[in-house]
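# Commentary on secondary and tertiary structure
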Amino acid sequence: MPRDLITLQLGQCGNQIGMEFWRQLCSEHGISPQGVLEEFATSGSDRKDVFFYQADDEHYVPRAVLIDLEPRVINSIMNSPYCNLYNRENIFKSEHGGGAGNNWASGYCQGEKLQEGVFDIIEREAEGSDSLEGFVMCHSIAGGTGSGMGSYILERLNDRFPKKLVQTYSVFPTLEETSDVVVQPYNSLLTLRRLTQNADCVVVMSASTATLRYPSYMNNDLVGLIAPLTPTPRLHFLMTGYTPLTTESSEQTNIRRTTVFDVMRRLLQPKNMMVSAPAERDIPHCYVSILNIIQGELDPTEVHKSLQRIRERRLASFIPWGPASIQVALSRRSPYVQSTHRVSGLMLANHTSISSLFKRIMQQYDRLKSHNAFLNQFLKEAIFEQDPEMREFSDSREVLQSLIDEHRAATTEDYIHWGARQA
Amino acid sequence: MLHELLLALYGCPGSVIQQTQSGSLRLIDNLPFISPSEVPLINRLCQLGAHYIRFQDFIAERSSYLDSDKQTAGLYAKVFSDALDNCLETYRARLVDLESELIADPYLSLNYVQCRLEEFQLLFPALSDLLESIERSNARGTQLMEKIVHRMPCGLPSAQSAFDALLQRCNRLAYRQIGDWMLQGTLDDPYSEFFVRLVDQKQQQQEQQKKPTAAVPGAPNATTAAADTSSIIVSTGAQKAELQFSLLPAYLPLTLAQRILFVGEAVRCFGLNESRSSAFLAELERLFLPRLETLADASQFDLLALEEFVADVRSHVTEQLWRLLMEDYSLEQQLQAVKDFYLMGRGEFYLAFIDLAGPLLDKPPHRMLGQQLRACFERAARAVGLEDDQALKQFDVWFDDSQAAAAGAGGSASDADSWSRVGLKFKHGWPFHLLFNDDILARYCQVFRFLLIVKRVQLTLQRSWAAQMIAKRGCRNSRVNSAALSKLEPHFLQRSRMQHAVDNLVYYLQVDVIDSRFNALITAARTQRDVEQLQVSHDQFVTALTAQSFLHNRPVRACVTQLLHSCLEFAGLLRNSLDSQRVDLDSLLQRMTALGQDFHRQTWHLLGMLTGLQAQSTTYLNQLLLRLDFNRFFSTAKPAALIPLPPHLRQTDAT
């Protein structure tokens, strides 16, 4: 009984990440851009069935649904060598092609209007899968389609598939003040509410390091991967780290020693994280949980020594209210990818400092909202017509505030009382 | 008169020299034409004749019953009597010479006869002694050789050379049998006189069942004993070769005999495979047969040379076998298959299997369970796309429904449920029986059961996590009572602690134990070009697995089992309380609180035990301890926060 996952790619950013994701998966599984299993990979015992289904003897088709309100990115994918990889029936482009104009409300309302078509595709895909475990959504929370339509789809997924897990890869806006989307704080805030309430696991990424190299198919199923990382329901925002990063120059990486300890030590360095959270000096932020997946030919006996050294050197601080540890899974690397790196590591970490990212978004939101800036384009949309007091905004802010509070509380021993106190 | 004497010496007593009741020959008394001084002389010579008669009888007896079913019959007896006859040939020739001399020179005296035959006066009593001891002990087969060596007269060069000749003839036969066994893998031994014999395995088992089994299965001393025998007895097909210690001559060391046994078994191993055997055997013969022939032809038995020969053949054969295993039968793949399925390297397959078989195993066992499990196993294979997997086809799941298992071999009642009675069979083909004997497979099975149980608890905890996340989302849509949910909130934390413990146990088992050890095994398999060494490495691998999964450490094992049990029940209850709108939520909560308490007590107990055992410098305990207590939560937290209960759990208890 394979644990199938359906990938939903929303908006410009989501489709770009998705593209990168499938490119990587194809190369690691030895599948050509046309979806045909390469000659050299036919004897492999790797698990392609998690993300692909087999159309016929040789064609592998991704379980992916591509959605966008404007056709530009999808059209560029369709003009790439990978055009024949996807199931064309799984591509959903808005009729008028105007996009959401970076407006959450517009994306949300269009999502509502277009839900028939979108869910026709999703449900067909779900029926075609033997045992669907859940959905993976790739989107950005700053723009219009990914955030607004993504929010809408998240809510409906909960209704239509109440027993399925939902994981998202959410690209958070870069921390620099200047942004091409002025209403980005609004979009982010409103989307974060859905991510808090409707998703089971959110992998947070910064737009600057959106190279998605995420071999989660190495684990048996999605639950097994994320359940140990999210001890309590709302602490489900994960950061990822990857080393050696592909963006680094090759000369530098060649000098690097690659022992298990080095990989683990480097993964704990902030510069290898794919999201950078601003430091907050007054709060002793700490790890809730860490999962390292290390690929390559390694000596498993090193794992124990590395764990010991990390503990001795206090390279990572952990929550004081419960047991926590670094879990290390070793896996062989894909035989089909020629990489200069002998060893590479991926980290999924639940770290309380993610709240500083939320805090930044909230500060930006507060600044905009205090001037009631740029609200008109939101109020035009249907969702706010019945909501003149803009409860949607204040509710979302409340959710976000409590999310920040909970993450901060998780740095103290009192956190064990948190759940009871909230009640 | 002298003629009469010659006849008597030739074993034909007449009227002058008569045979007495006791078998000795005597000159009849009071013969007038013989001087009294000659009488003792003649009588002394007649003793030779008496011995000769005895030897003749022995030869006639032994060589005649080659095809009779007497116990002492056999090739060695035949060879020995032939050699003896050969030895007597000189005596007979001397008599013939003497006769012609006497005819030619009538004046030759009795003294001359005595002088010519004097050397036999030393040899014949010694030989007679030997025969007597052989007859007394009913010695047969290679035992004869031992007797010869034992009775070897020292300081009598003529007698010694005769004995050497006897021994050499017997040794030749022994060498031939050793050669057959070591170079051909066959036993040419119709009278079972060789110190290696083949036993039918079924017969063997029956014999073993008759013996009271003193050793407790699973106890460490039983496993070491079994490991010892496994190196001596290597099973091939339906027949097993073993040493017959009673037939092993004392001058052959036991270790040498064991080597000879092993080499023969290894060669037989090749013999079972038609295509490979001819080339291999030809090569073996080309390399070693001339050496063996030189050895056999040597007049003196040379133990050192034999040992050297055996060692050389052994290293050649084991390397060939290693080559065969590694290159032709891809041993590494086979070991990988064992790791994938016995040791759950294929997590996704077992995920599917536990999904399918779980509901069956949760119920009390029934007769059809074994069959149903097999069906689940096949369906699981199909589900993860392994239906054509060659490695998986070698495995078969079975259910142990014997009475002993039902009674719970582990002792506690919690051990005796259906889950701990699931087994896995490994249908290994030729030549992997070299590595996977019954004992080793049984130990793999033990580890497999433990892993299966741990995996099941891990999955149940994960599923309750999913239920918890879904309930949290549902709360917004008021599907689940939000008041109930907030009551459950502290238990979510409890669940995450349990998850932490079980996950770390799994990681410890998979990474620290299985992966590390497996790596070492594969390295050993690649570098040790010797099958026997490989067997030892493999045995060490399995022993380390069982030891480090605490299968022999009863207190730790019991504690882990109880801990897993608490987790399992807790996860089940948590799911129940989330899944349905149950009215008796409070009683569920109470039970969950109690289980949480149990869990903390058990964790505390386990950590205490691990810390205590750590002092005995067992690194693997240290590994588990490090994982469980990585952020020093347990070692620094005030016991009050854990035992009896964290305060928030007490609060819910009160509400």
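Basis of the calculations
Residues numbered from 1 in each chain as written. Chains lettered and ligands numbered in written order. Predicted model: local features only at pLDDT ≥ 70, side-chain atom pairs only at ≥ 80, totals over all residues. Heavy atoms only, no water. Helix = DSSP H or I, 4+ residues; strand = E, 2+ residues; numbered from the N terminus. Buried < 20%, exposed > 50% of the residue type's maximum accessible area, 1.4 Å probe, protein only. Contact = heavy atoms within 4.5 Å. Areas by Shrake-Rupley, 256 points an atom, 1.4 Å probe, with all protein chains shown as cover. Domains from an automatic or database assignment. Buried area = accessible area lost by both parts, 1.4 Å probe. Polar contact = N/O pair within 3.5 Å; in protein donor to acceptor, adjacent residues only side chain to side chain. Nonpolar A, V, L, I, M, F, W, Y, C, P; charged D, E, K, R; others polar. Core = buried A, V, L, I, M, F, W, Y, C linked by side-chain atoms within 4.5 Å. Phe/Tyr/Trp six-rings, centres within 6.5 Å; stacked < 30°, edge-to-face > 60°. Salt bridge = Lys/Arg side-chain N within 4 Å of Asp/Glu carboxyl O. Pairing = 2+ DSSP bridges.

## Here we look at the overall build of chain A
Check the secondary structure of chain A and you find 14 helices and twelve strands. Across the 423 residues that make up chain A, the buried fraction comes to 63%. Taking all contacts inside chain A whose residues are at least 6 apart in sequence as the whole, residues at least 24 apart take part in 82%. Of the roughly 16200 Å² of accessible surface on chain A, a fraction of 47% belongs to carbon and sulfur atoms.

## Things to note about the domain arrangement of chain A
Residues and elements named next belong to chain A. Along its sequence, chain A is organised into domain 1 (4–229), domain 2 (239–354) and domain 3 (357–421). Tallying the contact residues gives 16 residues for domain 2 and twelve residues for domain 3. Approximately 1100 Å² of surface area, both sides summed, lies buried where domain 2 meets domain 3, with 68% of it carried by carbon and sulfur atoms. Applying the counting rule to domain 2 against domain 3 returns three residue pairs in polar contact (both at pLDDT 80 or more). Here the residues of the side of domain 2 that touches domain 3 are counted per class, giving ten nonpolar, five polar and one charged.

## A look at unusual backbone geometry
Of note in this structure, A:Phe374 is not a glycine but carries a positive phi near 55°. In this fold, A:Phe374 is placed in the loop between α10 (354–370) and α11 (376–379). Phi at B:Ser330 is positive, roughly 35°, even though this residue is not glycine. With respect to the element layout, B:Ser330 can be found in the loop between α11 (303–328) and α12 (331–341). According to the relative accessible area criterion, B:Ser330 is partly exposed, its value standing at 26%.

## Considering α12(B)
Burial of α12(B) is extensive: eight of the eleven residues sit out of reach of the surface. Among the residues of α12(B), those classed as buried are B:Leu331, B:Gln334, B:Leu335, B:Ala337, B:Val338, B:Lys339, B:Asp340 and B:Phe341.

## Focus: the environment of A:Pro300
Its location among the elements puts A:Pro300 in the loop between β10 (287–296) and α9 (301–312). For A:Pro300, a relative accessible area of 3% corresponds to the buried category. When the C-alpha positions of A:Pro300 and A:Ala329 are compared, they lie 9.6 Å apart, and in sequence the two are 29 residues distant. What A:Pro300 contacts, discounting residues up to four positions off in sequence, is A:Leu330, B:Val511, B:Asp515, B:Ser516 and B:Asn519.

## Remarks on the nonpolar core
One finds B:Phe80, B:Leu117, B:Phe195, B:Tyr342, B:Phe349 and B:Tyr444 to be the most contacted residues of the largest nonpolar core, which totals 204 residues. Top contributing element to this core by residue count: helix α18 (residues 482–527) of chain B, with 17 residues. In contact with B:Tyr342, other than residues within four places in its own chain, are B:Ala337, B:Phe395, B:Leu424, B:Lys425, B:Phe426, B:Leu441, B:Tyr444, B:Cys445, B:Phe448 and B:Leu451. Of all hydrophobic cores here, the second largest spans 146 residues; its members include A:Leu69, A:Leu190, A:Val203 and A:Leu267.

## Focus on the packing of aromatic side chains
Residues and elements named next belong to chain A. One pass over the structure, following the stated rule, counts 47 aromatic pairs over all chains. On the basis of an interplanar angle of 70° and a centroid distance of 4.9 Å, the ring pair of Phe-237 and Phe-358 is categorised as edge-to-face. Of this pair, Phe-237 sits in strand β9 (residues 237–243) while Phe-358 sits in helix α10, and the two are 121 residues apart along the sequence. Residue classification places Phe-237 among the buried residues on the basis of a relative accessible area of 0%.

## Here's the deal with the domain arrangement of chain B
Residue and element names in this part refer to chain B. Annotation of chain B at the domain level lists domain 1 (1–138), domain 2 (172–202 + 238–328), domain 3 (336–400 + 418–425) and domain 4 (437–644). Contacts between the two partners involve 21 residues from domain 3 and, on the opposite side, 19 residues from domain 4. Summing both sides of the interface, domain 3 and domain 4 together bury roughly 1900 Å²; the carbon and sulfur share of this comes to 73%. Where domain 3 packs against domain 4, one counts three salt bridges. With a shortest N-O distance of 2.6 Å, Asp-355 and Arg-463 are connected by a salt bridge. For the pair domain 3 and domain 4, the number of links is six residue pairs in polar contact (both at pLDDT 80 or more). Only α12, α13 (347–362) and β7 (422–426) provide two or more residues apiece to the side of domain 3 that touches domain 4. The class makeup of the residues in the side of domain 3 that touches domain 4 is twelve nonpolar, four polar and five charged.

## Let's talk about the interface of chain A and chain B
Taken residue by residue, the interface counts 63 residues in chain A and 55 residues in chain B. Surface buried jointly by chain A and chain B totals about 5200 Å² across both partners, of which 56% is contributed by carbon and sulfur atoms. Across the contact surface, chain A and chain B share zero salt bridges. Linking chain A with chain B are eight residue pairs in polar contact (both at pLDDT 80 or more), by the criterion used here. Elements with a contribution of two residues or more to the side of chain A that touches chain B: α4 (145–160), β7 (165–172), α5 (184–198), α6 (222–226), α9, β11 (326–331) and α14 (418–422) of chain A. Among the elements that line the side of chain A that touches chain B, the one with the most residues is α9(A), at seven residues. Within the side of chain A that touches chain B, the residues separate by chemical class into 33 nonpolar, 18 polar and twelve charged.

## Points about the environment of A:Pro388
Among the structural elements, A:Pro388 can be located in the loop between α12 (382–385) and α13 (391–409). In the structure, A:Pro388 is positioned 78 residues away from A:Ile310 in sequence and 54 Å away in space, judged by C-alpha atoms.

## A word on the pairing of β7(B)
Residue and element names in this part refer to chain B. Along β7, four of the five residues are buried, which leaves the element largely enclosed by surrounding structure. Sheet topology places strand β6 (residues 395–399) next to β7; five bridges connect them, and they run antiparallel. Bridge pairing in β7 places Asp-396 opposite Lys-425.

## Observations concerning the pattern of salt bridges
For the structure on display, the rule yields 43 salt bridges over all chains. Between A:Asp395 and A:Arg391 there is a salt bridge, and its shortest N-O distance comes to 3.8 Å. On the criterion of helical spacing, the pair formed by A:Asp395 and A:Arg391 is a turn pair, its members being four residues apart in helix α13. Overall, A:Asp395 belongs to the partly exposed group, its relative accessible area being 22%. With relative accessibility at 47%, the residue A:Arg391 sits in the partly exposed group. Among the salt bridges present, the one from B:Asp396 reaches B:Lys427, with a minimum N-O distance of 3.6 Å. Here B:Lys427 lies in the loop between β7 and α17 (438–476) and B:Asp396 lies in strand β6, a separation of 31 residues in the sequence. B:Asp396 gets classed as partly exposed once you look at its relative accessible area, which sits at 26%. Here the salt bridges do not stand alone but share partners, grouping A:Glu155, A:Arg193, A:Arg194 and A:Glu392 into one network.

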